[in-house]
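Each chain, letter by letter, is given below.
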Amino acid sequence: MNLESLFDEKMIEQIGTLVLTYGTKIVLALAVFIVGKWVAKRVTGFIERRMMASNVDVTISKFVKNILYYIFLTVIIIAALGQVGIQTASFVAIVGAAGLAVGLALQGSLANFAAGVLLILFRPIKVGDFVEVAGVAGVVNEISIFSTTLTTGDNKTIIVANSSVMGSNITNYSTQPTRRVDLVVGVSYDANIQQVKDELQAIADADDRILKDPAVTIGVVELADSSVNLVFRPWVNSADYWGVHFDLHEKIKNRFDEVGIGIPYPTMDLNVAKTN
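Residues numbered from 1 in each chain as written. Predicted model: local features only at pLDDT ≥ 70, side-chain atom pairs only at ≥ 80, totals over all residues. Heavy atoms only, no water.

1. Structural notes on the sheet that holds strand S1 (residues 130-133)
The strands that make up a sheet pair up through hydrogen bonds in the backbone, lying either parallel or antiparallel. Applicable threshold: Criterion used throughout: strands pair if DSSP finds at least two bridges between them. The numbering of helices and of strands both runs from the N terminus, where a helix is a DSSP run of H or I of at least 4 residues and a strand a run of E of at least 2.
Taken in spatial order, the 5 strands make up an open sheet running S4-S3-S2-S1-S5, and their pairing is antiparallel. The outermost strands of the open sheet, each flanked by one partner alone, are strand S4 (157-161) and strand S5 (171-172). Summarising the sheet, strand S3 (residues 147-151) and S4 pair through 5 bridges and their orientation is antiparallel. Bridging from a neighbouring strand, Thr-149 pairs with Ile-159 of S4.

Structure, rendered in structure tokens:
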């Protein structure tokens, strides 16, 4: 056997060893990638279907699905590279540093996104509700990824960042079927308190929008400087709240004028001293 033949045999043997060693690793890496990608699609698809079944906004569900899919895909690629024998520690560090940089750059946007997800999942408010959030009040028109859109009573559109919505007290006036109208009625000290109560009760009984149960609350709440103040608290359906609220003020004024019950207003006495 000559030297050239011996060299060829050793070369073939080395190539075979390399193919056997790295070929197995490459096949295993491909298997990890293909199976992992299949699992990632199935898992994220299942999560999206569950979110859709829970009436989560379509935009939110698709966005969450895509984010989770790419996170899974990154982990799968790193795992596949590790199977080939590539050192992934530095790669993981680079990905982590890049993620941290992006997170810091988008800190405000990510906070709004997280708050939007919480709004959709826990549903403290929903489209059509009349709410008061972050110092503004209006009807909820849309809850998007980063912001919530309200329409005020005078038809102004207000866009509130979701982080501000979740970071403040939320007053939702639409969650309960009934509401209580709270009025304070001031009468003069000369007025007959029982007569005032009877007249207020008569006003409530004459309005079909005012509920019989719970009963109307009428009582003296304060002996003020120039008036006796009574609370007048009827219950109404939530849809009738503002109509009853405005009408009661007018009805009380007209009724008290008819029966001679005085409604005091601020007065001032002037004493003029005459000097020589």
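2. What to know about the sheet that holds strand S7 (residues 183-187)
Our working definition: Lines are fitted to the C-alpha atoms to define the axes, a helix being fitted only along its stretch in contact, and any angle between axes, read from their N-to-C directions, falls within 0 to 180 degrees.
In space, the 3 strands of this open sheet follow the order S7-S9-S8, with antiparallel pairing throughout. A single partner strand is all that each edge strand has here, and the edge strands are S7 and strand S8 (217-223). Adjacent strand axes in the sheet meet at a mean angle of 30° when their direction is disregarded. Examined bridge by bridge, S8 and strand S9 (residues 228-233) share 6 bridges and lie antiparallel to one another.

3. Details of helix H7 (residues 241-259)
Selection rule: What a helix should span is 1.5 Å times the count of its residues minus one. Throughout, a contact is declared for two residues whenever any of their heavy atoms are within 4.5 Å.
With 19 residues, H7 should cover 27 Å at 1.5 Å per step; its first-to-last C-alpha distance of 27 Å lies within 8% of that length. Those residues of H7 that are buried are in contact with strand S6 (178-180), S7, helix H6 (193-206), S9 and strand S10 (235-237). A positive phi of about 80° marks Gly-260, the residue just after H7.

4. Considerations on the packing of H6 against H7
Put simply, the rule reads: Oblique is the label for any angle not covered by the other classes, which are roughly parallel (under 35 degrees), roughly antiparallel (over 145) and roughly perpendicular (65 to 115). Throughout, a crossing is termed right-handed when the near helix is turned clockwise from the far one, and left-handed when it is turned anticlockwise from it by less than a right angle.
Between H6 and H7, the shortest axis-to-axis distance is 10 Å and the interhelical angle comes to 135°. Looking at the two axes, H6 sits oblique to H7. Once H6 is placed against H7, the crossing between them reads as right-handed. In this structure, H6 contributes Gln-195, Val-196, Glu-199, Leu-200, Ala-202 and Ile-203 to the contact, and H7 contributes Leu-248, Lys-251, Ile-252, Arg-255, Phe-256 and Val-259.

5. Things to note about the nonpolar core
So the rule is basically this: The criterion is simple. A nonpolar core is a set of buried Ala, Val, Leu, Ile, Met, Phe, Trp, Tyr and Cys residues joined through side-chain atoms within 4.5 Å. Burial classes follow relative accessibility: with a 1.4 Å probe on protein chains only, a residue under 20% of its type's maximum area counts as buried, one over 50% as exposed, and anything between as partly exposed.
Val-187, Val-196, Leu-200, Phe-232, Leu-248, Ile-252 and Phe-256 are the most contacted members of the largest nonpolar core, which totals 22 residues. Elements with a minimum of two residues in this core: S7, H6, S9 and H7. The element that contributes the greatest number of residues to this core is H7, accounting for 5 residues. Excluding residues within four positions of it along the chain, Phe-256 makes contact with Val-185, Val-187, Val-196, Glu-199, Leu-200, Ile-261 and Ile-263. In terms of nonpolar packing, the next biggest core, distinct from the first, is built from 10 residues, Leu-119, Ile-120, Val-140 and Val-160 among them.

6. Side note on the environment of Ile-145
Examined against the element boundaries, Ile-145 turns out to sit in the loop between strand S2 (136-143) and S3. In this structure, the C-alpha to C-alpha distance between Ile-145 and Ala-161, residues 16 residues apart in sequence, is 9.6 Å.

7. Some details on the side chain of Thr-148
As a reminder of what qualifies: Counted as a polar contact is a pair of N or O atoms within 3.5 Å, where, for protein atoms, one must be capable of donating a hydrogen and the other of accepting one, and residues adjacent in sequence contribute only when both atoms are in side chains.
Here Thr-148 is to be found in strand S3. Accessibility expressed as a relative area gives 1% for Thr-148, which makes it buried. A polar atom in the side chain of Thr-148 sits 2.7 Å from the side chain of Asn-162. Excluding anything up to four places from it in sequence, Thr-148 contacts Leu-119, Ile-125, Val-140, Glu-142, Ile-143, Ile-158, Ile-159, Val-160, Asn-162 and Val-165.

8. Details of unusual backbone geometry
In this structure, Pro-214 follows Asp-213 across a cis peptide bond, with omega equal to 5°. Even without glycine at this site, Arg-123 takes up a positive phi of about 50°. Within the fold, Arg-123 resides in the loop between helix H4 (107-122) and S1. Backbone geometry places Ala-134, a non-glycine residue, at a positive phi of 50°.

9. Regarding the packing of aromatic side chains
The test is simple: For Phe, Tyr and Trp, rings pair up if their centres lie within 6.5 Å, where Trp contributes its six-membered ring, and each pair is then called stacked (planes under 30 degrees apart), edge-to-face (over 60) or tilted (otherwise). Two conditions define a charge sitting above a ring: the NZ of Lys or the CZ of Arg must be within 6 Å of the ring centre, and it must be within 35 degrees of the ring normal.
Throughout the structure, instances matching the rule amount to 4 aromatic pairs. Here Tyr-69 and Tyr-70 contribute two aromatic rings whose centre-to-centre distance is 5.5 Å and whose plane-to-plane angle is 70°, an arrangement assigned as edge-to-face. Owing to a relative accessible area of 14%, Tyr-69 belongs among the buried residues under this scheme. Classification of Tyr-70 by relative accessible area gives exposed; the value is 53%. Where Tyr-241 meets Trp-242, the ring centres are 5.0 Å apart and the plane angle is 85°; that geometry is what we call edge-to-face. On the accessibility criterion, Trp-242 (42% relative accessible area) is partly exposed. In this structure an aromatic cluster arises from ring pairing among Tyr-241, Trp-242 and Phe-246. One Lys or Arg, Arg-179, reaches over the ring of Tyr-241 and ends 3.7 Å from the middle of that ring.

10. A word on the pattern of salt bridges
Operational definition: Within this document, salt bridges are pairs made up of a side-chain nitrogen of Lys or Arg and a carboxyl oxygen of Asp or Glu, the two lying within 4 Å of each other.
For the structure shown, the criterion picks out 10 salt bridges. Asp-154 is paired through a salt bridge with Lys-156; the nearest N and O atoms lie 3.7 Å apart. Note that Asp-257 and Lys-253 form a salt bridge whose closest N and O atoms lie 2.5 Å from each other. Here Asp-257 pairs with Lys-253, and both are found in helix H7, just 4 residues apart, close to one helical turn. Taking relative accessible area as the criterion, Lys-253 reaches 42% and is therefore assigned partly exposed.

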